[in-house]
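So you can see what is in the structure, the chains are spelled out below.
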Amino acid sequence: MALHAGFAAALSFTKDVLQSFIHAGYVNNTVLGRIKGGANGVAQSDLSEYTVDYDLFQVEPRLTLQTNAGKHVILAMDLAGTLTCSADSKPTRTVSVRVKLTATCEVAAIRPNGNALHFGLKMSSLAMLTYDLSVIGGDQISPLYPSSILGPLNGGMLSGVIARAMPTVLLTPPQLAHFVLLGYTLGPLGSKKDSISVRVSADSLNIGVDVQELYFQGDAAQLVDLNRVSTPKGWKKTLLQSVHTDDDEYGTPLYDTQWTASKLRTAGAHKTDAAVSLHEMAFQRMFDQLGRSQVMATFEGQKYAQVQTALLQLIGKFPKKSFEPSTLQLTALNALKIVFGQDILMINGTGSNFEVLPVHVGFSLKARIVHTYFDGDTSFVMRYANADGITGEIYDVDLDSPAWLGFIHAMGIASGIMLAPHDGAVNLAVSAVAATVVGAVVGNLLGASQDDLMPAVLDSLSGFHTAIQFTLPKTSGPTFTLRCDDVLLRPGAMTAWFKLERSAAGARIYVTRFPNYTSTGKVEHLDWPSSELSQIVVRFSTPEPLHNIHDTQVRIAWKVLAGASAVVLVDTDLAFNSASAQVSVDHASPALGKYDSFIIRCRIYRPWDSSTDELFSQEMAVRITDRLNRTHRYVHWNHVAYYPGFSAPLDQMDKRHATGWVVAERKSKIHYTDPAKRCRFADAYTPELGKDDLIYHDVLPFDIAHIAQHRKLVCPYCFFGGPDKKILK
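The following paragraphs examine the structure supplied in this document.

Conventions adopted
Residues numbered from 1 in each chain as written. Predicted model: local features only at pLDDT ≥ 70, side-chain atom pairs only at ≥ 80, totals over all residues. Heavy atoms only, no water. Helix = DSSP H or I, 4+ residues; strand = E, 2+ residues; numbered from the N terminus. Buried < 20%, exposed > 50% of the residue type's maximum accessible area, 1.4 Å probe, protein only. Contact = heavy atoms within 4.5 Å. Areas by Shrake-Rupley, 256 points an atom, 1.4 Å probe, with all protein chains shown as cover. Phe/Tyr/Trp six-rings, centres within 6.5 Å; stacked < 30°, edge-to-face > 60°. Pairing = 2+ DSSP bridges. Axes fitted to C-alpha atoms, helices over the stretch in contact; angles between N-to-C directions. Polar contact = N/O pair within 3.5 Å; in protein donor to acceptor, adjacent residues only side chain to side chain. 1 Å grid on protein atoms, 1.4 Å probe; cavity = no way out; pocket = protein on both sides within 12 Å on 5 of 7 lines; lining within 4 Å. Points joined across faces, edges and corners; volume = space filled by probe spheres on them. Nonpolar A, V, L, I, M, F, W, Y, C, P; charged D, E, K, R; others polar. Disulfide = S-S within 2.5 Å. Salt bridge = Lys/Arg side-chain N within 4 Å of Asp/Glu carboxyl O.

### A few points about the overall build of the protein
Across its full length, the protein holds nine helices and 34 strands. When the 729 residues of the protein are sorted by exposure, 48% land in the buried category. Once local pairs closer than 6 in sequence are excluded, the contacts in the protein between residues at least 24 apart make up 67%. By element, 53% of the accessible surface of the protein is carried by carbon and sulfur atoms, the whole surface being about 34800 Å².

Below, the structure is given as structure tokens:
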């Protein structure tokens, strides 16, 4: 059977991708970090009613997939907090508990806002597999309340509380955007709305979707892990960095970049993260209702933009005198049809040109959807890193009237139809296909409406830009990047495979005085001028959440090391909050002034039992830049100056003539090296000298009490604050 297993669409998601979507929801608290709620019970001993209130924090739920589990996956949850028992006639009792549980949960189609369609977990279907409650501390529950509250009975109570607090857990972005936009009723005939078929395998959630209006009836038993099953593959071509293309007149070889011919990739498993297989009947229905009109509207829109640009040239300071429409602007696309073939799309239609007399031309094209690769040295490959993706190729152009090849060429310029194998544009019809498969995987995340989806896919595909970035609804991050890896065409089916990456959080530590000087590298370097006497304040920052807002167990550890011997100055480990998210180094203090380098390390983590979740780690190396050696208290220098000599000053030009080069020995005043005391000229010595060429002293060559008699030897700004001052600073 075809990869779509008879469904309108079949989709596969790996466990790792599903967990990454759960993680995104969890750190943004759409998957709740705090479970609060109550449940009522009746004591069997005296039939009295009581209430159990829960206030529990949960770590990120973990997903497990097991083969032949029907529509169910396994969710592992770990919670800790308080359980409070109360009744009208009894005192309240509170205990601290830790709950570990595993439960099966049904995968369902979910519409959280009544429109966008997701696949996720229906938490009301939670069925306990294992349940372990440990009392950490607090009051004695029994005999005031049944001891069974802390036993298996509590599992049923807690599952109800969880389901009421968190009715659903979304496992995917919005799905099947075209199906939703066209108002299709998902599910086989006779089923309730939004029924789906699910087949779970060890590393994949495989979903089949029927459409009642199209009378589909897929076979769930035939659903496969599209990412791991061995299949034929689509086309590929490679841009080679250096190909011998010609010789010059002297016989010297000439090299240029060149595309290889397109060829089919070797069959095998794709090992991707997400995949969708679309039934051709479903595609044709959606193309008839939506895609064809969008292709034609885009074609007309591009013509309109050209006309607008031309008309603007009729006004202004130097206007053109007339407007003559181009061949393209007098061309219309009347009909377009797409049929899936063996490894190709077959596209045919009619177009018209109205330059002289109306001429109507039928055309047929064949299109390949091709994965582009790049082969060359490291810099060449890196330059094209964001271009690696999917493009389209048109070949075998067949026209009713060969004389009207220019019409097809004009239409190609506007619509992106490719007439040569490597033009670097994408056929609008191919983009309509791409819009359908991309929309199946990331739904309406490319735009607020379906009108935004088609141009977004066109933009993402044109010129090989096939990486599409998105964030999940109601989250500020992380950002996910979806890249199409392959498209396989067969009569009756089209299957597309995608790789999905979660971007780094962008978290970093930075110096507040110079916030733009460092980035997110594992080790960052910063130069700090010694004359900047303020403390070096280093702060943690992240543009998107690293952890759930209700998590009070997250900790931040700072370590500051000084000098080459790595003397430990700061070593703290605190609960993470705004106050603990920064550390400071008073580099100019008497105790630290002797160090010319510091290493600042930040680690954010969450301990849980014997394991630890590492959330962030970065190191910053700060170098104190100084032209003086501050390990000594005083400095001066000697140097030889060379300058042209003259026989008289400038005001005696009649007597002035050059006498040759003058050699003069210069001696500086004695300066402080301490940045807090020294003047701005203390390090302004000649570039011909290095820091170690200067003359340093730990004590003055005279008693400081007799400085008045030696004032000519010292810098008046360093020691007195100016030449007019008499008192030592």
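### Brief notes about the packing of aromatic side chains
Under the counting rule described, the total for this entry stands at 15 aromatic pairs. Ring centres of Tyr-50 and Tyr-145 lie 6.3 Å apart, and the angle between their planes is 75°; on these two criteria the pair is classed as edge-to-face. Of this pair, Tyr-50 sits in strand 3 (residues 49-58) while Tyr-145 is found in the loop between strand 7 (118-138) and helix 2 (152-165), placing the two residues 95 residues apart along the sequence. With 5.8 Å between their ring centres and 80° between their planes, Phe-540 and Phe-576 make a pair best called edge-to-face. Residue Phe-540 is found in strand 24 (residues 536-541), and its partner Phe-576 is found in the loop between strand 26 (567-575) and strand 27 (582-585); the two are separated by 36 residues along the sequence. With relative accessibility at 26%, the residue Phe-576 sits in the partly exposed group. Among the aromatic residues, those joined into a cluster by ring pairs are Phe-21, Phe-470 and Phe-480.

### Some details on the sheet that holds strand 22 (residues 508-511)
One open sheet accounts for three strands, arranged 22-24-27; its pairing is antiparallel. The sheet is open, and its two borders are formed by strand 22 and strand 27, each paired with just one other strand. Between one strand and the next, the sheet's axes are offset by a mean angle of 20°, whatever the strand orientation. Inspection of the sheet shows strand 22 paired to strand 24 by four bridges, in the antiparallel sense. Within the sheet, the bridge partner assigned to Tyr-510 lies in strand 24 and is Arg-539.

### Describing the side chain of Thr-475
As for its position among the elements, Thr-475 is in the loop between strand 19 (467-470) and strand 20 (480-490). With relative accessibility at 15%, the residue Thr-475 sits in the buried group. Among the polar contacts made by the side chain of Thr-475, one reaches the main-chain carbonyl oxygen of Leu-472 at a distance of 2.6 Å. The residues touching Thr-475, leaving out its near neighbours within four places in the chain, are Ala-24 and Asn-28.

### Some details on the layout of surface pockets
In this approach, a probe sized like a water molecule rolls over the atoms, and the result shows the empty space that is left. In this structure, the largest pocket occupies an estimated 570 Å³ of space. Considering the residues around the largest pocket, the lining is formed by 27 residues, among which His-23, Arg-502, Leu-546, Glu-614 and Leu-615 are closest to the centre. Elements represented by at least two residues in the lining of the largest pocket include exactly helix 1 (15-27) and strand 29 (611-625). Ranked by the residues each element gives to the lining of the largest pocket, the list is headed by helix 1, at six residues. Each residue belonging to the lining of the largest pocket can be placed in one class, and the counts come to 11 nonpolar, seven polar and nine charged. Considered as a void within the structure, the second largest pocket measures approximately 440 Å³ in volume.

### Considering the sheet that holds strand 23 (residues 523-529)
Spatially, five strands are ordered 23-29-28-25-26 in an open sheet, and the strand pairing comes out mixed. Where the open sheet ends on each side, the last strands, each with one partner, are strand 23 and strand 26. On average, each strand axis in the sheet is tilted by 15° relative to the strand beside it, whichever way the strands run. Where strand 23 lies against strand 29, seven bridges are found, and the strand directions are parallel. Pairing of Glu-524 across the sheet is with Met-620, part of strand 29.

### Digging into the side chain of Asp-78
Of note, Asp-78 is situated in strand 5 (residues 72-87). Side-chain polar atoms of Asp-78 contact the side chain of Arg-98, separated by 2.7 Å. Setting aside chain neighbours within four positions, we find Asp-78 in contact with Phe-57, Gln-58, Val-59, Arg-98, Val-99, Lys-100, Trp-608 and Asp-609.

### Quick look at the pairing of strand 21 (residues 493-502)
Among the 10 residues of strand 21, seven are classified as buried, and the element is accordingly described as predominantly covered. Alignment of strand 14 (residues 274-279) against strand 21, held across six bridges, turns out to be antiparallel. Note on strand 21: the bridge partner recorded for His-279 is Ala-493. In sequence, strand 20 turns back onto strand 21 through a hairpin of two residues, with Gly-492 there showing a positive phi of about 95°.

### Here's the deal with the state of the cysteines
Under the definition given, this model contains zero disulfides. The closest cysteine sulfur to the non-disulfide-bonded Cys-715 is located on Cys-679, 3.6 Å from its own sulfur.

### As for the pattern of salt bridges
This model, assessed by the stated rule, comprises 20 salt bridges. Close ionic contact of Arg-62 with Glu-60 constitutes a salt bridge, the shortest N to O distance being 3.6 Å. Classification of Glu-60 as buried rests on a relative accessible area of 12%. Arg-228 is the partner of Asp-203 in a salt bridge, and the nearest nitrogen-oxygen pair spans 3.7 Å. Separated by 25 residues along the polypeptide, Asp-203 in the loop between strand 9 (197-201) and strand 10 (204-209) and Arg-228 in the loop between strand 10 and strand 11 (235-247) bring together distant segments of the chain.

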